[in-house]
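# Descriptive analysis of the structure
This is what each chain is made of:
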Amino acid sequence: MARALSIDYGKKRTGIAVTDPLQLIASGLTTVNTYELVPFIENYLRNEEVSTIVIGEPKQMNGEPSELGDVINAFAKALQEKYPSIEITRVDERFTSKMAFQTMIDSGLSKSKRRNKALVDEIAATIILQTFLDSKM
């Protein structure tokens, strides 16, 4: 079976998470500079079988798209055109950064480690992916 890959797209950094091949467990993979995202995905897809790419859908509290909405929609469309055999799906990512930060606190990470925004992005991508997995059950 193929993995699912999750993307928490940001202006500067993008968090990435992945499942195991059975798509049971979501784990943080890495954080990349957003300008390096496309080459990273291309390389990852050359080396791993991926059936689904889950992209966080940023929304404001009223449900309207966030300022990055158009950029992320264009990114998702470009991925679908380039990889038509891979399912591209979206998951509401409201509160994932706050949930990621709370996860860091609950895990006992020091204040200095909690300031690591790249780690927050990676954990947020993991939460997005876990939300996707939970919706399939």
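Residues numbered from 1 in each chain as written. Predicted model: local features only at pLDDT ≥ 70, side-chain atom pairs only at ≥ 80, totals over all residues. Heavy atoms only, no water.

## Observations regarding the packing of helix H1 (residues 37-47) against helix H2 (residues 69-82)
It is at 13 Å that the axes of H1 and H2 come closest, and there the two elements cross at 30°. It follows from the interaxial angle that H1 and H2 lie roughly parallel. Once H1 is placed against H2, the crossing between them reads as right-handed. From H1, Leu37, Val38, Ile41 and Glu42 reach across to H2, where they touch Phe75, Leu79 and Lys82. Of the residues that constitute the contact of H1 with H2, the class distribution is five nonpolar, no polar and two charged. (Axes fitted to C-alpha atoms, helices over the stretch in contact; angles between N-to-C directions. Helix = DSSP H or I, 4+ residues; strand = E, 2+ residues; numbered from the N terminus. Parallel < 35°, antiparallel > 145°, perpendicular 65-115°, else oblique. Left-handed = near helix turned anticlockwise from the far one by under 90°. Contact = heavy atoms within 4.5 Å. Nonpolar A, V, L, I, M, F, W, Y, C, P; charged D, E, K, R; others polar.)

## Considerations on H1
Within the span of H1, buried status applies to Leu37, Ile41, Tyr44 and Leu45. Here the buried residues of H1 occupy an arc of 95° about the axis, which is enough to place them on one side. With respect to the buried face of H1, the exposed residues turned more than 90 degrees away are Arg46 and Asn47. Looking at the buried residues of H1, the elements they touch are strand E1 (3-8), strand E2 (13-19), strand E3 (26-33), strand E4 (50-57) and H2. (Buried < 20%, exposed > 50% of the residue type's maximum accessible area, 1.4 Å probe, protein only. Arc of directions from axis to C-beta.)

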